[in-house]
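Single-letter residue listing:
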Amino acid sequence: MNLQVLGCSGAIAAGCRTTAFLLGEDVLIDAGTGVGDLPLDALARIDHILVSHSHLDHVLSIGLLADSVMRLRRAQNRPPIQVRALPDTLAALRTHIFNSVIWPDFTRLPSAEQPVLELLPLAVGELLLLGDKRIEVLSASHTVPAVGFAVDGGEAGWWVYTGDTGPNKALWERLKGMHVAHLVIETAFSDEERQLARISRHLCPAALGHELAQLDGSVDVHITHIKPGEMDALMAEIEKLGSPHRIHALAAGQVMQIG
Ligand SMILES: [Zn+2]
Ligand SMILES: [Zn+2]
């Protein structure tokens, strides 16, 4: 099973797209601006969208995707795209996006009986079975209710995505005893902006060091959510941590093998 990084940047600029991962060809994990690089037929094959939290950089392509694929999916008689998120996240999407002011309510379009989107709740600790994919919902600690996701790669180990998060002891407790092959973890701010990282419940390199010290073994760690223009300075700060893990910056376009 392949996982394609469509976007992993903390904001937009030329060549920088916000968070979105395509797992196989039918599961999207977060729906940032990176989704827009997929051709229409690939967009129409997405049957599930897992949403880590309600922030715009992770959700803005849900509504745009629905608009793009609605006709094609109806012509192919495909079921609604299942959007799964915490109940609070779904409520935020209903109230603030699919409210017929910011965007049409695609949970009732093209018809209330056969809409293009269906919103379904998930909970931390739940194991989602989507076709042949097993995905566990992980806790995250952010300014709004948030989760991460772990994809089961069988004997090859788990692919783990923290979502947007500040320090989160519960995550490391859960990962103890799990064979983690890949950890995609955010580092949104530099150490110079550690105060901003703290109040916005994100990580800076120093906080990342504290978090990774709670992860056993030597794991392939991929840094995500770096702001445009800050890549080199931030990775230099992370390099100085001297972590036993193999740490690299994640790149859009990268394809990861899971299992
Ligand atoms: Zn966020
Ligand atoms: Zn974000």
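You'll find the structure just up there.
Please read all numbers here as calculations on a predicted model, not as lab measurements. Every chain is numbered on its own, with residues counted from 1 as its sequence reads. Numbering of ligands from 1 and lettering of chains from A proceed in the order in which they are written. This being a predicted model, a pLDDT of at least 70 is required before a residue's local features are given, and a value of 80 or more before pairs of side-chain atoms are given or counted; all residues contribute to the totals for chains, interfaces and linings. The side-chain quantities take in all heavy atoms of the structure and omit both hydrogens and water.

Trainee: Kindly report on the coordination of the zinc ion (ligand 1), identifying the contributing residues and their values.
Mentor: Coordination here is defined by N, O and S atoms within 2.8 Å of the metal (3.2 Å for Na, K and Ca), and since water is not considered, a site can look incomplete. Distances from the zinc ion (ligand 1) to its protein donors, His53 (NE2), His55 (ND1), His142 (NE2) and Asp164 (OD), fall at 2.2 to 2.4 Å. Sequence spacing of the donors to the zinc ion (ligand 1): H-x1-H-x86-H-x21-D. For the pair the zinc ion (ligand 1) and the zinc ion (ligand 2), the metal-to-metal distance amounts to 3.6 Å, and Asp164 bridges them. Remark: His142 occurs in the loop between strand 8 (133-139) and strand 9 (147-152) and His53 occurs in the loop between strand 4 (48-50) and helix 2 (56-75); sequence separation between them is 89 residues. Only DSSP runs of H or I covering at least 4 residues are called helices, and only runs of E covering at least 2 are called strands; the numbering of each starts at the N terminus.

Trainee: How would you summarise the nonpolar core if you had to cite specific residues and measurements?
Mentor: Buried residues of nine kinds, namely Ala, Val, Leu, Ile, Met, Phe, Trp, Tyr and Cys, make up a nonpolar core once their side-chain atoms join them within 4.5 Å. For each residue, the accessible area found with a 1.4 Å probe, counting protein chains only, is set against the maximum for its type, and the residue is called buried under 20%, exposed over 50%, and partly exposed in between. With 30 residues, the main nonpolar core has Leu28, Ile49, Ile62 and Leu117 as its most contacted residues. Of all the elements in the fold, those that place two or more residues in this core are strand 2 (20-23), helix 1 (40-44), helix 2, strand 5 (81-85), helix 3 (87-96) and strand 6 (117-121). In terms of residue count, the dominant contributor to this core is helix 2 (six residues). The contact definition used throughout considers only heavy atoms, calling two residues in contact when any of these lie within 4.5 Å. Those residues in contact with Ile62 that sit more than four places away from it in its chain are Ala31, Ile49, Val51, Val83, Leu93, Phe98 and Leu117. Residues Val160, Ala197, Ala207 and Ile238 belong to the second largest nonpolar core, which totals 28 residues.

Trainee: Can you tell me about the sheet that holds strand 5, naming the residues and giving the values?
Mentor: In this description, strands pair whenever DSSP reports at least two bridges between them. Strand order in this open sheet of seven strands is 6-5-4-3-2-1-14, and the pairing throughout is mixed. On the outer flanks of this sheet lie strand 6 and strand 14 (255-257), each paired with one strand and no other. Direction aside, neighbouring strands of the sheet carry axes that sit 25° apart on average. In the sheet, strand 5 pairs with strand 6 via five bridges, with the strands oriented parallel. When the sheet's bridge partners are listed, Gln82 is paired in strand 6 with Glu118. Orientation is described by lines fitted to C-alpha atoms, with helices fitted over the stretch in contact, and by angles between N-to-C directions that extend from 0 to 180 degrees. Contacting strand 3 (27-29), strand 4, strand 5 and strand 6, helix 2 runs over the sheet at an angle of about 160° to strand 5.

Trainee: Which residues make up unusual backbone geometry, and what are the values?
Mentor: Residue Pro110 is bonded to the preceding Leu109 through a cis peptide linkage, with omega at 0°. Inspection of the secondary structure assignment puts Pro110 in the loop between helix 3 and strand 6. At Asp30, a residue that is not glycine, the phi angle is positive and equals roughly 65°. The residue Asp30 is located in the loop between strand 3 and helix 1 in this model. Asp30 gets classed as buried once you look at its relative accessible area, which sits at 0%. Even without being a glycine, Ser100 presents a positive backbone phi close to 65°.

Trainee: Can you lay out the coordination of the zinc ion (ligand 2) for me, pointing to particular residues and giving the numbers?
Mentor: All of the protein donors around the zinc ion (ligand 2) are Asp57 (OD), His58 (NE2), Asp164 (OD) and His225 (NE2); their distances to the metal are 2.1 to 2.2 Å. Tetrahedral means four donors with every angle between 85 and 135 degrees, whereas square planar (four donors) and octahedral (six donors) require angles over 155 degrees between opposite donors and between 65 and 115 for all others; sites fitting neither are termed irregular. Around the zinc ion (ligand 2), the four donor atoms are arranged such that angles at the metal cover 90 to 167°; this shape is classified as irregular. Written as a sequence motif, the donor arrangement for the zinc ion (ligand 2) is D-H-x105-D-x60-H. His58 sits in the buried class, given a relative accessible area of 0%.

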